[in-house]
Amino acid sequence: MPLIHGELVVVRGAGDLATGCILRLVRAGFKVAALESARPSAIRRTVCLSEAIYEGRAEVEGVRAVRAGSLEELEALLAAGPEGPVPILEDPACACLAELHPLALVDAIIAKRNLGTRRGMAPVVVALGPGFVAGVDADAVVETNRGHDLGRVLLEGGAEPDTGVPGLIAGMGRERVLHAPVAGEVENLKSIGDQVRAGEPVLALHGPDGRVLVSPRIDGILRGLIRPGYEAPAGLKVADVDPRCVREHCFTVSDKARAIAGGVLEAILRLGNGGCR
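Treat the numbers as computed from the prediction; the structure is a model and nothing was measured.

*Asks:* Help me out: how do you make sense of the packing of aromatic side chains in this one?
*Replies:* The geometry of an aromatic ring pair comes down to the distance between the two centres and the angle between the two planes. Per the stated rule, a full pass over the model turns up zero aromatic pairs. A cation over an aromatic ring shows up here: Arg39 above the ring of Tyr230, its NZ or CZ 4.2 Å from the ring centre. Lying across the ring of Tyr54, Arg227 places its NZ or CZ 4.1 Å from the centre.

*Asks:* Help me understand the environment of Gly69, please; the structure alone is not making it clear to me.
*Replies:* Structurally, Gly69 can be placed in the loop between β4 (63-68) and α3 (71-78). A C-alpha to C-alpha distance of 21 Å links Gly69 and Ala108, two positions 39 residues apart in sequence.

*Asks:* Would you mind going over the layout of surface pockets with me for this structure?
*Replies:* In this approach, a probe sized like a water molecule rolls over the atoms, and the result shows the empty space that is left. Within this model, the second largest pocket holds a volume of roughly 340 Å³. In terms of lining, the second largest pocket is formed by 18 residues, of which the most central are Val26, Gly81, Pro82, Glu83 and Gly84. Put simply, the parts of the chain that give the lining of the second largest pocket at least two residues each are β2 (31-36), β4 and α3. Partitioned by chemical class, the residues of the lining of the second largest pocket number nine nonpolar, six polar and three charged.

*Asks:* Is there a simple way to think about the pattern of salt bridges in this case?
*Replies:* Opposite charge on two side chains permits pairing when their charged atoms draw close. Considering all chains together, one arrives at 18 salt bridges under this definition. A salt bridge links Arg146 to Asp255; the shortest N-O distance between them is 3.6 Å. One end of the pair, Arg146, is in the loop between β9 (140-142) and β10 (153-154); the other, Asp255, is in helix α5 (residues 255-272), with 109 residues separating them in the sequence. A relative accessible area of 48% places Asp255 in the partly exposed class. A salt bridge links Asp149 to Arg152; its shortest N-O distance comes to 3.8 Å.

*Asks:* Would you mind going over a negative patch on the surface with me for this structure?
*Replies:* A surface patch of negative charge is lined by Glu72, Glu73, Glu75 and Glu99. Per element, the largest residue contribution to the negative patch is three residues, and it comes from α3. With respect to the element layout, Glu72 can be found in helix α3. The exposed category is assigned to Glu72, whose relative accessible area is 55%.

*Asks:* Explain unusual backbone geometry to me, please; I cannot follow it from the model alone.
*Replies:* Phi is mostly negative for residues that are not glycine, and the peptide bonds are mostly trans. The phi dihedral of Cys94 falls on the positive side, at around 60°, and the residue is not glycine. With respect to the helices and strands, Cys94 occurs in the loop between β5 (86-90) and α4 (97-100).

*Asks:* Could you clarify how one ought to interpret the nonpolar core in this entry?
*Replies:* Note that soluble globular proteins tend to have their nonpolar side chains buried in a common cluster. Within the largest apolar cluster, 42 residues are counted, with the highest numbers of intra-cluster contacts made by Val11, Leu25, Leu49, Val264 and Ile268. Counting residues per element, this core draws most heavily on α5, which supplies eight residues. Apart from residues lying up to four places away in sequence, Leu49 is in contact with Ala14, Thr19, Ile22, Leu23, Ala58, Glu59, Val60, Val63, Ala65 and Ile88. The next biggest cluster of nonpolar side chains, apart from the first, holds 26 residues, and it includes Leu71, Ala134, Ala138 and Leu154.

*Asks:* Would you mind going over the pairing of strand β17 (residues 220-225) with me for this structure?
*Replies:* Strand residues, when the strand is regular, have side chains that alternate between the two faces of the sheet. Burial within β17 is extensive, with six of its six residues counted as buried. For strand β14 (residues 195-196) and β17, the ladder comprises two bridges, and the chain directions are antiparallel. Paired with Gln195 across the bridge in β17 is Ile221. Two strands pair when backbone bridges link them, and β17 and strand β19 (residues 237-242) are joined in this way by four bridges, in the antiparallel orientation. In the strand pairing of β19, Ile221 is matched with Asp242.

Parameters and conventions
Residues numbered from 1 in each chain as written. Predicted model: local features only at pLDDT ≥ 70, side-chain atom pairs only at ≥ 80, totals over all residues. Heavy atoms only, no water. Phe/Tyr/Trp six-rings, centres within 6.5 Å; stacked < 30°, edge-to-face > 60°. Lys NZ or Arg CZ within 6 Å of the ring centre and 35° of its normal. Helix = DSSP H or I, 4+ residues; strand = E, 2+ residues; numbered from the N terminus. 1 Å grid on protein atoms, 1.4 Å probe; cavity = no way out; pocket = protein on both sides within 12 Å on 5 of 7 lines; lining within 4 Å. Points joined across faces, edges and corners; volume = space filled by probe spheres on them. Nonpolar A, V, L, I, M, F, W, Y, C, P; charged D, E, K, R; others polar. Salt bridge = Lys/Arg side-chain N within 4 Å of Asp/Glu carboxyl O. Buried < 20%, exposed > 50% of the residue type's maximum accessible area, 1.4 Å probe, protein only. Patch = residues over 30% accessible without salt bridge, like charges linked within 9 Å, V, L, I, M, F, W, Y side chains within 5 Å. Areas by Shrake-Rupley, 256 points an atom, 1.4 Å probe, with all protein chains shown as cover. Lys, Arg positive; Asp, Glu negative; His and termini not counted. Charge placed at Lys NZ, Arg CZ, Asp CG, Glu CD. Core = buried A, V, L, I, M, F, W, Y, C linked by side-chain atoms within 4.5 Å. Contact = heavy atoms within 4.5 Å. Pairing = 2+ DSSP bridges.

This is the structure we're talking about:
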């Protein structure tokens, strides 16, 4: 009998793409725990379970997450059963894996490079996007680049290289993403879900040389905005404007995240059941 229902999957990261994977896995009957850094820098905060690191709890599309203060708390939350929340533990080095013995580990950090994931950390290791080679760093790699192969499961080779260019949405790529022009503490001037105009400041950075305003180049809905008070380094992605102007999209998992999540589920079912490669 396939050993899938109720098996534990540990996900590295709980940003927007990782959250899409977590939701898919929970709904497919897996137990899921997530591991995060001390200061997640997600901008699509309304659809990121990583917010539980800051707020203690978070919820996306009916799936709840709770910050676990220790491995013991994480295990107690997992023991609550399918109705319980997803535990999120601050453990960027995956130190807890030796105690948890998960069926699968999913690297969903989306760092565009490998931050320590390797085959053998779990019976099935799946990694998202560039920076990994299937059969070397992970058992499977899932394509994250928008386009024909988005969500494809690779059992050999790697995902497409990082282009440095955001995927097109309504014909907009670079224009829809805002980066910090200087280092500084973030002050939010708008909220996720607000309609904004090109040139209208959405946040300010308080750095050593004073207050610097950050404005989009296009009109749209503010889909992502980094947390107020975050100490942003220069160049960090701090906001995302969606030119489609559908406010509901700000509060639900994206098409991209759902496609990638489908690939993750496929990889775990295929490899976790000892199925053909």
